[in-house]
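Spelled out, the chains give:
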Amino acid sequence: MVSTLTKNERHFAFIISVAVAICGLVMAAAGRNDLLGTHGFVVFFFALGVTFILARGYYDPEPGAERFAAYYDEPIKVGVILAMSWAVFAMFVGDWVAWLLAYPTLTFDEPWASFGRLRPIHTTGIIFGFGGNALIATSFHVMQRTSRARMPDQLSPWFVLIGYNLFCVLAVTGYPLGITQSKEYAEPEWYADIWLVIVWVTYLALYLRTLARRQEPHIYVANWYFLAFILVVAVLHIVNNLALPISLSSAKSFPIFSGVQDAMTQWWYGHNAVAFFLTAGFLGMMYYYLPTRAQRPIFSYRLSIISFWGITFLYMWAGSHHLHYTALPQWVQTLGMSFSLMLLVPSWASAGNALLTLNGAWHRVRDDATLRFMMVAAVFYGVSTFEGSFLAIRPVNSLSHYTDWTIGHVHAGALGWVALITFGAIYSLVPILWKRERIYSPALVEVHFWLALAGTLIYVFAMWNSGIVQGLMWRTYTASGTLAYSFMDSVVAMHPYYIARAIGGLLFFVGTVVGFYNIWMTIRTPINVARELATDRPVTEHAGAPAAEPAE
Amino acid sequence: MSIFGAHYNLERHSIGLAVAVVAVASIGGLFEIAPLFTIDETVESAPNMRVYTPLELAGRNIYIREGCYACHSQMIRTLRDDVERYGHYSLAVESQYDHPMLWGSKRTGPDLARVGGKYSDQWHVAHLDNPRHVVPKSIMPSYTWLLRNEQKTDDLGDQLRALQRLGVPYTDDMIAHAAEDASAQANPNSEDVSGVSDRYGKDTNIRAFDNDPHKLTEMDALVAYLQILGKLTDAAEKDPNSAGAGHD
């Protein structure tokens, strides 16, 4: 790790780590009567750990000029391991809270272990820990390969990766302590939000600087999506997290918007976190790893353009469908519904583009579970975007809203689309990064595939059933015109579905553990020198680098 | 086709592409969110609406801390079964001082927008301590620590000050007395009681919510908050559209 940094970069890295550690101490001192102090110590020890790693490698020999003849993949390797670690951790917590809904006493009589504090650990751990690290790692890989250029320096990718994980650590350690803004998928408090802005601006700068060094005149589609992901998430994050801390020595803050404006801002953010974090970023992943694994060019360049701009424009109007029949003015609800329906066009254009790319490679889909992960992900992307548009229709939403149907819909997208495309990308990526001939055990990839697919289907079917049953029970009237069921009747009716959902989640979790083991064992097998593809090099004028062949 | 020709050029310029993405993505938010701050009809007017007392605000913070919003909504929709089950549909004005709003997105448990006054304090205390004591089939977690934990009051003044800066009509007098008002609201024997009703209105609930006037617990705060839900304004009761709307 440290040996790939130049002396100058080690120096800067050291200064940054020490500065962050000092910030941690200042937080700890200022917030000594508040939970902010605890987080100060978290920041301090995190930065101390990084400083320690730096110090151990500080006097390693410097990398030579030969480094310019290869892509910079060290942070990507760490990013992949971090993504899988977060996946195992956050899926475990997810399944735990799933069992809690069936058996509410399966916990400790401790504040940190209650459902309301564990649930955001699951959602943050999956979306930001697993998803975010996977996006950062794959985007570093894709931006270098499609630009045929090395990253401009060795320090900023580490700053982005490690800084981002500090944000994730602050988030998931905050909830059990009771630190949360309560805004769904934007729970971390003001200081963590400010830190994320710093990290994110560095990420954007790194992306643009790498693109500026590209040896291809055109920017490949995958990069459009990664770029949109970085830019729009920045806008969403900043606007939705505008808040006034009650003092600089307290973790507590109040969002500057209230009531209906806050609700609209929150769901404009919430829905577009789905759009630009969980969709655009992962479409970027799909547009690179699916065609390269299938060894087929993307079916249609024009369809890519239409779907990219369609998604970028239309999604931002759709958030208000989360607020149907509420105190939000109806004209906004109507706009949200209309744009949600239109959104089906670019969504299905993307899914169709992916599936049609596989024409001529279906035998590979049959034989290669890694490619099958990505194929099934594209199918789930199509299914869940259809469901999303459907649920945005006001009368349908009157049945589905507030029920488990929404949870089922989210997991069709999160398990079926986001997680499966990520596993496909990571299985493609690991042998390339570690220069191994293939993954340790293709049979275990098959095992993982079927566990993940079975888990997703059980989960989604359980939630479709429970959601619709719940929604119907709430609105059923007796012949005399009174409500037929008490709320508790609907809670009791959910029990079998909650058990089924927890079993589905368990299968998915076990699959992820199998996947992590397989990746770990791949890393432990000996290097295969032949794996070093002659073409997997940046185009460079530096000595020693052979001119690369045109990419696939 | 010229539109693809134009794109053929755009995708050669990273900054141009970045600017185009931000521009195209900003339109939706500008059209939907910005007008909400300027159109008068967005939020009804309720001149006599009161603000949360410091104790209720502390209770609201506990509601947020424990993640209650993950399973309980505070937004009754304009649907017949919602209204008949929970009361008059929620008005925008009822959450106009809510930083953040707690409308929620899921009903694993029932809506709480109008739960204030529906159950006794004792019921809430028993229910929060162990929901299955009063609702045998409940799947809600037990919050046993609420009775044990003392409610912290020293930063309530700072909280009111921050909310005042954000436009909530807290007076400087309320801010100066925040900590003692919080203690007094849960201790009817306290000499500061008159200050609470002077500042927040004579209808303010002043009682030992957890049945122990000597100790100010987190249970006091949370129950005080739950008992005021739906009661900050009578705008819904006076709503001309409310004819025919059922109750509970």
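Residues numbered from 1 in each chain as written. Chains lettered and ligands numbered in written order. Predicted model: local features only at pLDDT ≥ 70, side-chain atom pairs only at ≥ 80, totals over all residues. Heavy atoms only, no water.

Before going further, it helps to spend a moment on the interface of chain B and chain A. Listed as interface residues are 88 residues of chain B and, on the opposing side, 93 residues of chain A. Together chain B and chain A conceal approximately 7900 Å² of surface at their shared face, both sides included; 67% is due to carbon and sulfur atoms. Considering only the side of chain B, the residues that lose the most area to chain A are B:E32, B:R77 and B:R85, jointly responsible for 10% of the buried surface there. Counting every contact that joins chain B to chain A gives three salt bridges. Two residues, A:D34 and B:K152, come together in a salt bridge whose shortest N-O distance is 3.8 Å. Along the contact surface separating chain B from chain A lie 29 residue pairs in polar contact (both at pLDDT 80 or more). Sorting the residues of the side of chain B that touches chain A by element identifies α1 (2–10), α2 (14–32), α3 (54–65), α4 (80–86), α7 (145–148) and α8 (156–165) of chain B as the ones contributing at least two each. Element by element, the count of residues in the side of chain B that touches chain A is highest for α2(B), at 14 residues. (Contact = heavy atoms within 4.5 Å. Buried area = accessible area lost by both parts, 1.4 Å probe. Salt bridge = Lys/Arg side-chain N within 4 Å of Asp/Glu carboxyl O. Polar contact = N/O pair within 3.5 Å; in protein donor to acceptor, adjacent residues only side chain to side chain. Helix = DSSP H or I, 4+ residues; strand = E, 2+ residues; numbered from the N terminus.)

The next subject is the domain arrangement of chain A. Many analyses report the size of an interface as the accessible area lost when the parts associate. Residues and elements named next belong to chain A. Under the domain assignment, chain A is made up of domain 1 (1–63) and domain 2 (64–543). Computed from C-alpha coordinates alone, the two centres of domain 1 and domain 2 are separated by 29 Å. On the side of domain 2, 26 residues touch domain 1, which itself brings 23 residues to the contact. Each partner contributes to the roughly 2000 Å² buried at the junction of domain 1 and domain 2, and carbon and sulfur atoms together form 76% of this total. Summed over the shared surface of domain 1 and domain 2, the result is zero salt bridges. The interface formed by domain 1 and domain 2 includes eight residue pairs in polar contact (both at pLDDT 80 or more). Looking at the side of domain 1 that touches domain 2, the elements that each hand over two or more residues are α1 (7–30) and α2 (35–56). Of the residues forming the side of domain 1 that touches domain 2, the biggest block, eight residues, is contributed by α2. Tallied by class, the residues present in the side of domain 1 that touches domain 2 amount to 15 nonpolar, five polar and three charged. (Domains from an automatic or database assignment. Nonpolar A, V, L, I, M, F, W, Y, C, P; charged D, E, K, R; others polar.)

Here we take up empty space enclosed by the protein. All names here are of chain B. Scanning the model with the defined rule gives seven cavities of 30 Å³ or more in all. In this structure, the second largest cavity is lined by 19 residues; those nearest its centre are Q74, E94, S95, D98 and A113. For the lining of the second largest cavity, the residue count by class is nine nonpolar, five polar and five charged. (1 Å grid on protein atoms, 1.4 Å probe; cavity = no way out; pocket = protein on both sides within 12 Å on 5 of 7 lines; lining within 4 Å. Points joined across faces, edges and corners; volume = space filled by probe spheres on them.)

All right, on to the environment of A:A186 then. All names here are of chain A. Examined against the element boundaries, A186 turns out to sit in the loop between α5 (155–177) and α6 (190–212). Owing to a relative accessible area of 3%, A186 belongs among the buried residues under this scheme. C-alpha separation for the pair A186 and N33, spaced 153 residues apart in sequence, amounts to 25 Å. Residues in contact with A186, not counting those within four places in the same chain, are Q181, N240, N241 and Y269. (Buried < 20%, exposed > 50% of the residue type's maximum accessible area, 1.4 Å probe, protein only.)

Counting across every chain of the model gives 27 salt bridges over all chains. For A:K77, the salt bridge identified is with A:E74, shortest N-O distance 3.6 Å. A residue pair is termed a helical-turn pair when its members lie 3 or 4 positions apart in one helix, as A:K77 and A:E74 do in helix α3 (residues 74–102) at three residues. Ionic pairing is found between B:D111 and B:R107, a salt bridge with its closest N-O pair at 3.3 Å. Residue classification places B:R107 among the buried positions, given a relative accessible area of 0%. Here the salt bridges do not stand alone but share partners, grouping A:R117, B:R65, B:E66 and B:E218 into one network.

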